[in-house]
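The chain contents come next:
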Amino acid sequence: MNFKEEKTYIMIKPDGVKKRLIGEIITRFEQRDLKVIALEMFQPTTKQIDEHYPKDKAWIARLGQKTLSTYEKYGVDPVKELGMDNDYEIGKMVRKWLVDYMTSAPLVRMVIQGVHAVDMVRKICGVTLPNLADMGTIRGDYSADSPAVANSERRAVMNLVHASETPQEAEHEIKHWFGTRKVIFDYERFTD
Ligand code: ADP
């Protein structure tokens with residue numbers, strides 16, 4: 001394994017594009033000595049986004065769980081609010097909102113390379129839910145969304161960026177989004 005040249009896949013989501021944060025988000029990766037090796041704005045299809053997010057029961061239930069734990073913390077009754085309290089059923093609904101959200105505007109896709117790029121980028125992005133993300137992270141600094149607010153508005157949590165969770169996921173996502181096109185570059189920076 002080459003930890004120094006690890007690659008990860010990033011997408012700037014519709015809210016990141018619409019909040020004029022494209023430059024800021026890229027800057028945060030570059031500041032940390034991570035290298036941009038592919039970069040493109042594009043409009044995803046519903047099918048592409050549907051295939052991007054996992055479909056297994058455990059992943060879907062985890063989405064619902066994020067809503068349930070937020071509801072528990074703030075004393076919201078999931079049955080009153082959403083008409084259900086099963087994590088998998090809530091997750092299925094959230095996944096649909098997620099596909100709608102991710103196809104609502106052009107996105108920016110990137111491949112970023114560097115030392116432990118996958119974990120570094122996740123650290124710079126902050127945890128999934130902006131209401132819990134630390135200050136100094138992209139999600140903590142530029143969003144205040146939470147499932148309690150988002151789900152009451154029948155939409156996914158807007159958290160500015162997507163970043164792969166593991167090197168294996170990164171490899172899969174880079175293939176899914178860039179395919180075999182020769183748009184991933186190998187070059188030396190002045191600082192290399
Ligand atoms: P991450 O993007 O940090 O890897 P997940 O893979 O768990 O997070 O979730 C995918 C995306 O779904 C999140 O980035 C967020 O936009 C949205 N999301 C996650 N959980 C919820 C939820 N409970 N309610 C609404 N949207 C959610």
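Residues numbered from 1 in each chain as written. Predicted model: local features only at pLDDT ≥ 70, side-chain atom pairs only at ≥ 80, totals over all residues. Heavy atoms only, no water.

Caption draft 1: Examining the domain arrangement of the protein chain more closely. Under the domain assignment used here, the protein chain contains domain 1 (1-42 + 105-178) and domain 2 (44-99). Domain 1 puts 23 residues into the contact, and the matching count from domain 2 is 18 residues. In this structure, the salt-bridge partner of Glu165 is Arg62, at a minimum N-O distance of 3.9 Å. Our enumeration of links across domain 1 and domain 2 arrives at six residue pairs in polar contact (both at pLDDT 80 or more). Elements with a contribution of two residues or more to the side of domain 1 that touches domain 2: β1 (6-12), α9 (147-152) and α10 (167-178). (Domains from an automatic or database assignment. Contact = heavy atoms within 4.5 Å. Salt bridge = Lys/Arg side-chain N within 4 Å of Asp/Glu carboxyl O. Polar contact = N/O pair within 3.5 Å; in protein donor to acceptor, adjacent residues only side chain to side chain. Helix = DSSP H or I, 4+ residues; strand = E, 2+ residues; numbered from the N terminus.)

Caption draft 2: Highlighting the site of the ligand. Around the ligand lies a shell of 17 residues, among which Lys66, Thr67, Thr128, Val157 and Asn159 are the nearest. Separating a nitrogen atom of the ligand from a side-chain N or O atom of Thr67 is a distance of 2.7 Å. In the environment of the ligand, an oxygen atom lies 2.8 Å from a nitrogen or oxygen atom belonging to the backbone of Val157. Taken by itself the ligand offers 530 Å² of open surface, and the protein chains cover 98% of this. Listing elements by their share of the shell around the ligand, those giving two or more residues are α4 (57-74), α6 (87-102) and α9. Counting residues per element, the shell around the ligand draws most heavily on α4, at five residues. Class assignment of the residues belonging to the shell around the ligand gives a composition of eight nonpolar, four polar and five charged. Shared between two domains, the shell around the ligand takes at least three residues from each, and those domains are domain 1 (1-42 + 105-178) and domain 2 (44-99). (Near = heavy atom within 4 Å. Areas by Shrake-Rupley, 256 points an atom, 1.4 Å probe, with all protein chains shown as cover. Nonpolar A, V, L, I, M, F, W, Y, C, P; charged D, E, K, R; others polar.)

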